[in-house]
Amino acid sequence: MPSAPSPPVAGPNSETPSRTASLQRAARAAIDYVQSVNDRPVAPSPEAEAALGALRGPLPSAPASAEEVIELLAKYGSQATSAIAGGRYFGFVIGGCVPAAMGASWLVSAWDQNAGLHVASPVAAELEETALEWTRQLLGLPEGCGGSVVTGATLANFVALAAARHRLLERAGWDVENDGLFGAPELTVVVGEEAHSSLHKALGMLGLGRKRVVRVPVDAQGRMRADALPHLDERTILCLQAGNVNTGSFDPAPAICPAARDAGAWIHVDGAFGLWAATSSRYRHLIEGFELADSWATDAHKWPNIGYDCGVALVRDVNALRGAMSIQAAYLQESLMRDPSHYTPELSRRARGVELWAGLRSLGQSGMAEIVERTCDLAQRFAVGLRTAGHRVLNDVVLNQVLVSFGSAERTLRTVARVQQEGTCWCGSTVWQGHTAMRISVSSWMTTEEDVDRSLAAMLKAAEG
């Protein structure tokens, strides 16, 4: 008599019931996490980091059940996270994730769509196109822009600057995508002294050089000085900043952009968080003049609080964007609809545009403005509390960024270390125009006045002695 067949291994090829059970276990773990995240230390403990050893080691020779894997992540992984999803994380201009975007992220993972081609995923392609148009409207940018949904502002800068490189070299009679940069006409890139590091990284990846730039002096708040601009012409890429990463300040676009456009320069705006000031009637004046630019880069995982990862590039000249990013192959089925792969660096890509759509759809115009205005108010609350206690706030708090010195560099760094170790909140340090400072960024929809007051108390205690 033949032996009975062996039971199926509970591995990746298990039947649907096992897959459903793993999703249910993951949902329980995720719900437990978000319900408790505001009650735990913001930074993981040394013990939690050490316990990650349970997740390392050699790859096992045999499969494990999906439930077992999720259980390991819930037990050891959750404890070793930073509480970015809570209300007291003030580092790196990191926002939280609004509920609709978080729920959409779960659904996007279940759908498992490749968002590169319309034919592969109509829902991903069409919701991405809609979300890009909503973003353009919210930011007050020109109609007809082309756009990309990417991982963040670094890649958004890359995409927009690739479009700039394409158009400026095309004007000079050079096909950079086919012929490369060897022997190409020279381009000049102009940046402010306090341009963000992600912009320099994008320039390096594009072969335009991190150091081979013309640097324009800035004022006491980090704003590019319009009176110090070099000569601009049709082979110049001028990079402006909407929201200095330390101070929140804005380059003076009204004083710069008209002349730059007249000179034929391509104007690019790195506005990872600052461009979203356009959504608020109180702060919209800060982005005046930036609509005259040719391209814009921003993050959606900052103020819109879409969750990681999500960034947006918008380009006035849609053909320049498509010329820089387009891909063709016999096996890629062209569509009469918009194929995202013609506007982004990736062919295969997650449908993060669905998450952007869901977050913006849930917020609407007024909800987006409320996040900006409330977090800016809370930044002012930090600044007032710190000044009242006798500490020096180094910047004009024009948006959601606060720089504070607790005296000497040594004392400031010691205070930052104590705050991080104590766990009520998390802030990082920076050096800005020669001053060592604690850098506070209020970006999350979750943050409340109580969160600020608890965090202030922890900061002032850490600064003692």
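Engineer: I'm lost on the packing of aromatic side chains in this one. Help?
Structural biologist: Two aromatic rings, taken as a pair, are described by how far apart their centres are and by the angle between their planes. Throughout the structure, instances matching the rule amount to 6 aromatic pairs. Here the aromatic rings of phenylalanine 90 and phenylalanine 382 are separated by 5.0 Å at their centres, their planes lie at 80°, and the arrangement is edge-to-face. Of this pair, phenylalanine 90 sits in the loop between α3 (66-77) and α4 (99-111) while phenylalanine 382 sits in helix α11 (residues 352-388), and the two are 292 residues apart along the sequence. Of the residues examined, phenylalanine 90 reaches a relative accessible area of 1% and is grouped as buried.

Engineer: What am I meant to see in the packing of α4 against α11 here?
Structural biologist: Angle between the axes and distance between the axes are the two parameters that describe a pair of packed helices. The interhelical angle for the contact between α4 and α11, taken along N-to-C directions, is 155°, at an axis separation of 8 Å. One way to sum up the angle between α4 and α11 is to call them roughly antiparallel. Judged by the twist between their axes, the crossing of α4 over α11 is right-handed. Contact residues: α4 offers Ala100, Ala101, Ala104, Ser105, Val108 and Trp111, while α11 offers Val354, Glu355, Ala358, Gly359 and Ser362.

Engineer: Explain the pattern of salt bridges to me, please; I cannot follow it from the model alone.
Structural biologist: Opposite charge on two side chains lets them pair, provided their charged atoms get close. Tallied over the full model, the rule gives 20 salt bridges. Across the pair arginine 349 and glutamate 128 runs a salt bridge, and its minimum N-O distance is 2.9 Å. Taken together, the residues arginine 349 in the loop between α10 (318-325) and α11 and glutamate 128 in helix α5 (residues 122-139) connect sequence positions 221 residues apart. By the burial criterion, arginine 349 is buried, and glutamate 128 matches it. Arginine 167 is the salt-bridge partner of glutamate 170, the closest N and O atoms lying 2.0 Å from each other.

Engineer: Hey, could you run me through α10 in this one?
Structural biologist: An α-helix turns once every 3.6 residues. As a result, residues three or four positions apart point the same way. Within the sequence span of α10, burial applies to Ala320, Leu321, Ala324 and Met325. Mapping the buried residues of α10 onto a view down its axis gives an arc of 115°, with all of them on the same face. Elements that come into contact with the buried residues of α10 comprise β1 (146-150), α6 (153-171), α7 (176-179), β5 (266-270) and β7 (311-315). Where α10 begins, the capping side chain belongs to aspartate 317, and its oxygen is found 3.1 Å from the backbone nitrogen of asparagine 319.

Engineer: What's the story with the nonpolar core in this structure? I'm lost.
Structural biologist: Core analysis: the largest hydrophobic core is formed by 51 residues, its most contacted members being Leu240, Trp303, Leu356 and Leu399. Those elements giving two or more residues to this core turn out to be α5, β4 (236-241), α9 (253-262), β5, β7 and α11. Here this core takes 7 residues from α11, the largest share from any one element. Excluding residues within four positions of it along the chain, leucine 356 makes contact with Ala131, Thr135, Val149, Ala300, Ile306, Cys310 and Val312. Membership of the second largest hydrophobic core comes to 34 residues, among which are Val150, Leu168, Leu206 and Cys239.

What counts and what doesn't
- Residues numbered from 1 in each chain as written.
- Predicted model: local features only at pLDDT ≥ 70, side-chain atom pairs only at ≥ 80, totals over all residues.
- Heavy atoms only, no water.
- Phe/Tyr/Trp six-rings, centres within 6.5 Å; stacked < 30°, edge-to-face > 60°.
- Helix = DSSP H or I, 4+ residues; strand = E, 2+ residues; numbered from the N terminus.
- Buried < 20%, exposed > 50% of the residue type's maximum accessible area, 1.4 Å probe, protein only.
- Axes fitted to C-alpha atoms, helices over the stretch in contact; angles between N-to-C directions.
- Parallel < 35°, antiparallel > 145°, perpendicular 65-115°, else oblique.
- Left-handed = near helix turned anticlockwise from the far one by under 90°.
- Contact = heavy atoms within 4.5 Å.
- Salt bridge = Lys/Arg side-chain N within 4 Å of Asp/Glu carboxyl O.
- Arc of directions from axis to C-beta.
- Polar contact = N/O pair within 3.5 Å; in protein donor to acceptor, adjacent residues only side chain to side chain.
- Core = buried A, V, L, I, M, F, W, Y, C linked by side-chain atoms within 4.5 Å.

Interpretation in functional terms is not warranted from these geometric data alone.
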